[in-house]
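What follows is each chain in one-letter form.
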Amino acid sequence: MKRRSLLLSLLAASITTIACGNAMAEDGLSTILTRKVIRIAVPTDYPPYGAVGPDMVPRGYDIDMATLVAKKLNVKLELVPVTGPNRVAYLQTKKADLTISSLGKTPEREKVIDYSIAYAPFFDAVFGKKEITAKSYGDLSGKVIAVTRGSMQDEELSRMAPGAVIKRFEDNNGTVSAFLAGQAQMFATGTAVAAAIKVKDPSLSMDLKVILSNAPCYIGVLKDEPQLVAKLNEIIREAKSNGAIDEMSKKWLGAPAGPLPE
């Protein structure tokens, strides 16, 4: 009987050890630290948050934030280029460990992913040709507006300007190109993105028509990864307190980030 009890105890201990090992293996933070590589989904078509420079190297606010996260975790950074429509899907299918891609927080997204605290400011707005008058959501009725499919701006337009004629494109380059080519009277994007377009072509007939929302950017994380979320929040809070976030914002957006929601 004593031998049988001993065997049962050893078996129980082995099962516990295996279970703990599996739990650790399933912990995203531990996996990243063990692998010594973090795969971060970033935009490469959405300046100044992420774009490919003349040297073909990605650069922007989101790329700087991804670099900071990797540095603080002491792991190698692997950038995974994504577009607006697939940035959450890449996370869900585990093609990336995180998404740092000017990602706003919505009730729909919160059902499938978790978030860090905010790391960057972001204003959504509708821009259009100067000769077009539009100062309210009602004024957008009947207007042809280009937008990136599945983006925050797409959701906001659909909800707040149901009378608008919304033309959806698969990425941000397609959205901007549609406006520039005259396929749309207006387009919806972030104010920083519109500012970058204007800097590139000062003669462009374009101004802000209607502000849709202030939607700060968050890091997207797979569901049920509390250790990883907590570590990201620690990194962001430190960067806020030591001025690194404000410096990134001044570098890419032209102004300090200011207060960001927790």
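Residues numbered from 1 in each chain as written. Predicted model: local features only at pLDDT ≥ 70, side-chain atom pairs only at ≥ 80, totals over all residues. Heavy atoms only, no water.

1. As for the overall build of the chain
Phase 1 of the analysis: Along the backbone of the chain there are ten helices and 13 strands.
Phase 2 of the analysis: Seen through its C-alpha atoms, the chain measures out along the principal axes to roughly 90 × 35 × 35 Å.
Phase 3 of the analysis: Per-residue burial for the chain yields a buried fraction of 46% across its 262 residues.
Phase 4 of the analysis: When contacts within the chain are restricted to residue pairs at least 6 apart in sequence, long-range pairs at least 24 apart make up 69% of them.
Phase 5 of the analysis: Summed over all atoms, the accessible surface of the chain reaches about 13,100 Å², with 58% contributed by carbon and sulfur. (Helix = DSSP H or I, 4+ residues; strand = E, 2+ residues; numbered from the N terminus. Buried < 20%, exposed > 50% of the residue type's maximum accessible area, 1.4 Å probe, protein only. Contact = heavy atoms within 4.5 Å. Areas by Shrake-Rupley, 256 points an atom, 1.4 Å probe, with all protein chains shown as cover.)

2. Focus on the pattern of salt bridges
Phase 1 of the analysis: What the rule picks out here adds up to twelve salt bridges.
Phase 2 of the analysis: Among the ionic pairs, Arg35 bridges to Asp97, the shortest N-O distance being 2.9 Å. Remark: Asp97 occurs in the loop between α4 (87-92) and β6 (98-103) and Arg35 occurs in helix α2 (residues 28-35); sequence separation between them is 62 residues.
Phase 3 of the analysis: Between Asp114 and Lys223 there is a salt bridge, with its nearest N and O atoms 3.0 Å apart. In this pair, Asp114 is assigned in strand β7 (residues 113-120) and Lys223 in the loop between β13 (217-222) and α9 (226-241), connecting sequence segments 109 residues apart.
Phase 4 of the analysis: Residue Asp114 is classed as partly exposed on the basis of its relative accessible area of 22%.
Phase 5 of the analysis: The network of salt bridges with common partners includes Arg35, Arg39 and Asp97. (Salt bridge = Lys/Arg side-chain N within 4 Å of Asp/Glu carboxyl O.)

3. Here we look at the sheet that holds strand β5 (residues 76-82)
Phase 1 of the analysis: Pairing within the open sheet is mixed, and its five strands lie in the order β5-β1-β6-β13-β7. Looking along the sheet, the strands with just one partner apiece sit at the ends: β5 and β7. On average, adjacent strands in this sheet sit at an angle of 25° to one another, irrespective of strand direction.
Phase 2 of the analysis: In the sheet, strand β1 (residues 37-43) pairs with β5 via seven bridges, with the strands oriented parallel. Bridging from a neighbouring strand, Ile38 pairs with Leu77 of β5.
Phase 3 of the analysis: Contacts from helix α3 (residues 61-73) reach β1, β5, β6, β7 and β13, with the element oriented near 170° to β1. (Pairing = 2+ DSSP bridges. Axes fitted to C-alpha atoms, helices over the stretch in contact; angles between N-to-C directions.)

4. Topic: the confidence of the model for the chain
Phase 1 of the analysis: Per-residue confidence for the chain averages 88 on the pLDDT scale, and 90% of its residues sit at or above 70.
Phase 2 of the analysis: Across the chain, α3 holds the top mean pLDDT of 98, while helix α1 (residues 2-25) sits lowest at 47.
Phase 3 of the analysis: Taken as a whole, residues 17-25 scores under 50 in pLDDT and shows three contacts with residues more than four places along the chain or in a different chain. (pLDDT = per-residue confidence, 0-100.)

5. A word on α3
Phase 1 of the analysis: Helix length check: α3, at 13 residues, gives a terminal C-alpha distance of 19 Å against a target of 18 Å (1.5 Å per residue), a fit within 8%.
Phase 2 of the analysis: Buried within α3 we find Tyr61, Asp62, Ile63, Met65, Ala66, Leu68, Val69, Ala70 and Leu73.
Phase 3 of the analysis: Note on α3: the residue one or two positions beyond its end, Asn74, has a positive phi of about 60°. (Expected span 1.5 Å × (residues − 1).)

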